[in-house]
Amino acid sequence: MTNDSLSQYKARVAALNKRAKELNLTDLEIQTVFDECFNELSKSSPTKSRPSLITLAAKITIGSLFIALVTYILLNVHQPTSSIVLRNVQGLIYPGLKVVRFLAVPILKKFPSLTNLYDESCLVENPYFYVSDMECWPCEDVHSVIDLTGFSNYSLYQSGIPYIVQTNQPYVNFKQLKHMYRLHKEMLLRDAGIIKSNNSTVQSLDGLFESDLHEHSITHVSWRINRMSPSQIIRKLFPRPYIVSDRFGQSVERFIMIDAPAAEGYSFPNTECSYVFVIQGSGERTIILKPSKECGSVCRTVSVVLRPSFVLWYNWWYWRPISLPKENVTETSISYISSYC
């Protein structure tokens, strides 16, 4: 309260006192009148209305939950209602998405990095995903990773059993990756700049290929490619192996794992498609195939040493691979992971 306001307040209180005395009121009666006025003012104070606001918010929340529950039941249980809603909503999908796209333009201009999400098939992975009734026969009788090099019976290649084959895959080492990066640097930085590393000094493609670090000091790097242009460049170094038929749709997403000879173990990333092949470009790694949690009670863990020009095939419905270093190896490991549906 300012000095002027306080002076006005005092003057009005004095005027009220003077008027009360002119009406022959005693000091006790005057004090009683003031007390009653202050009590009325305190009852109408905004702080007293808070419980009513909380009650209103609670009612709105409960009402919204009730409407959502009723809507869910009608759309998923009551078939006639579901059919009516779907029939009328389908025509609004395209206009609705067009409006969303129009509203998103200023946001994307402000945060252009959000455009990377457009190429993502899954934004949030469910870590608790579990198939309760999955059949595990493809891994029940697996005791080792078999070598199918030279087999002409192509039905074995899609049986669900993990295996390795030797191909005519050209040798790919770290220097070749660096040369490829420098030839297509601008495009790769724009469309394939996603890497993960356990080395704090290597957090970008420039830090990986243009730094003065020795390749053995990089330890472990996971380079993820999920756009068409860089995928076409990478595929020149890692062509499609003969075990993958042309009629299968190969995923755009792929990974290049760069590991120093003594790099610590890590799990392979989950791929878009379930049929996965791993091409070893250079170096060696020990791959442990652990059964998925759905099949852990009936299938056993197997392992294989992946050498250059060899390809490992597995299905991630049944196996969760872990890459480990191999003893007495001095060369940096380059592994290429892709999948198809």
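Residues numbered from 1 in each chain as written. Predicted model: local features only at pLDDT ≥ 70, side-chain atom pairs only at ≥ 80, totals over all residues. Heavy atoms only, no water.

Draft legend 1. Summary view of the overall build of the protein. Within the protein, the regular secondary structure consists of nine helices and 12 strands. By the compact-globule yardstick of 20 Å for 341 residues, the protein is too spread out, its C-alpha radius of gyration being 35 Å. By principal-axis analysis of the C-alpha atoms, the protein measures approximately 120 × 60 × 45 Å. Put simply, the protein has 341 residues, and 34% of those count as buried. (Helix = DSSP H or I, 4+ residues; strand = E, 2+ residues; numbered from the N terminus. Rg over C-alpha atoms; globule rule 2.2 N^0.38 Å. Buried < 20%, exposed > 50% of the residue type's maximum accessible area, 1.4 Å probe, protein only.)

Draft legend 2. A look at the packing of aromatic side chains. Counting across every chain of the model gives 12 aromatic pairs. Aromatic pair Tyr266 and Phe268: ring centres 6.3 Å apart, planes at 40 degrees, arrangement tilted. Judged by relative accessible area, Tyr266 falls into the buried class, the value being 11%. Members of the aromatic cluster, joined through ring pairs, are Tyr163, Phe238, Phe248, Tyr275, Phe277, Trp313, Tyr336 and Tyr340. (Phe/Tyr/Trp six-rings, centres within 6.5 Å; stacked < 30°, edge-to-face > 60°.)

Draft legend 3. Quick peek at the state of the cysteines. Throughout the structure, instances matching the rule amount to three disulfides. Bridging Cys136 to Cys295, the disulfide has an S-S length of 2.0 Å. An S-S torsion of about -80 degrees defines the bridge between Cys136 and Cys295 as left-handed. Here Cys295 lies in the loop between strand S8 (285–291) and strand S9 (302–306) and Cys136 lies in the loop between helix H4 (79–110) and helix H5 (137–140), a separation of 159 residues in the sequence. Across the pair, exposure class does not vary: Cys136 and Cys295 are buried alike. (Disulfide = S-S within 2.5 Å.)

Draft legend 4. Examining the domain arrangement of the protein more closely. Split by domain assignment, the protein resolves into domain 1 (54–110) and domain 2 (146–340). Just the C-alpha atoms count here: the centres of domain 1 and domain 2 sit 42 Å apart. (Domains from an automatic or database assignment.)

Draft legend 5. The arrangement of the sheet that holds S8 in detail. In spatial order, the strands read S6-S11-S8-S9; together these four strands make up an open sheet with antiparallel pairing. Edge positions in the sheet fall to strand S6 (266–267) and S9, since each of these pairs with one other strand and no more. In this structure, S8 lies alongside strand S11 (residues 319–325), joined through seven bridges in antiparallel fashion. Bridge pairing in S11 places Thr286 opposite Leu324. (Pairing = 2+ DSSP bridges.)

Draft legend 6. Looking closely at the UniProt feature "transmembrane region" (unreviewed entry) in the protein. Under the UniProt annotation, "transmembrane region" (unreviewed entry) lies at residues 53–75. Secondary structure content for residues 53–75 is 100% helix and 0% strand, and the end C-alpha separation is 33 Å. (UniProt positions renumbered as here; feature names shortened; annotations may be inferred.)

Draft legend 7. Inspection of the side chain of Thr286 at higher detail. Examined against the element boundaries, Thr286 turns out to sit in strand S8. Setting aside anything within four residues of it in sequence, one finds Thr286 in contact with Val304, Val305, Ile322, Ser323, Leu324, Pro325 and Lys326. (Contact = heavy atoms within 4.5 Å.)

Draft legend 8. Expanded view of the pairing of S11. In the sheet, S6 pairs with S11 via two bridges, with the strands oriented antiparallel. Residue Tyr266 lies in a different strand from S11, and its bridge partner there is Ser323.

Draft legend 9. Focus on a nonpolar patch on the surface. A contiguous nonpolar patch, built from Ile107, Leu108, Phe111, Leu114 and Leu117 and spanning about 430 Å² of accessible area, is present on the exposed surface. Locating Leu114 in the fold gives a position in the loop between H4 and H5. (Patch = residues over 30% accessible without salt bridge, like charges linked within 9 Å, V, L, I, M, F, W, Y side chains within 5 Å. Areas by Shrake-Rupley, 256 points an atom, 1.4 Å probe, with all protein chains shown as cover. Salt bridge = Lys/Arg side-chain N within 4 Å of Asp/Glu carboxyl O.)

Draft legend 10. Geometry of the side chain of Ser274. In this structure, Ser274 sits in the loop between S6 and strand S7 (275–282). Other than its neighbours up to four places away in sequence, Ser274 contacts Tyr314, Asn315, Trp316, Trp317 and Tyr340.

Draft legend 11. Molecular detail of the sheet that holds strand S3 (residues 194–197). With respect to topology, eight strands assemble into an open sheet ordered S1-S2-S10-S7-S12-S5-S4-S3, the strand pairing being mixed. Each edge of the open sheet carries a strand with a single partner, namely strand S1 (146–147) and S3. Bridge count between S7 and strand S10 (residues 310–315): five bridges; the pairing is antiparallel. Paired with Ile279 across the bridge in S10 is Val311. Against the sheet, helix H6 (residues 174–183) makes contact with strand S4 (220–225), strand S5 (254–259) and strand S12 (333–340), and its axis sits at roughly 130 degrees relative to S5, the strand it touches most. (Axes fitted to C-alpha atoms, helices over the stretch in contact; angles between N-to-C directions.)

Draft legend 12. View of unusual backbone geometry. Positive phi, normally seen in glycine, also occurs at Ser309, with a value near 75 degrees. With respect to the helices and strands, Ser309 occurs in the loop between S9 and S10. A positive phi angle, near 60 degrees, is found at Asn328, a position not held by glycine. Its location among the elements puts Asn328 in the loop between S11 and S12.

Draft legend 13. Representation of helix H9 (residues 228–237) in the model. Those residues of H9 lying buried are Pro230, Ser231, Ile233, Ile234 and Leu237. Buried residues along H9 cover an arc of 160 degrees about the axis, so they all sit on one side. Packed against the buried residues of H9 are H6, helix H7 (185–191), S4, S5 and S12. (Arc of directions from axis to C-beta.)

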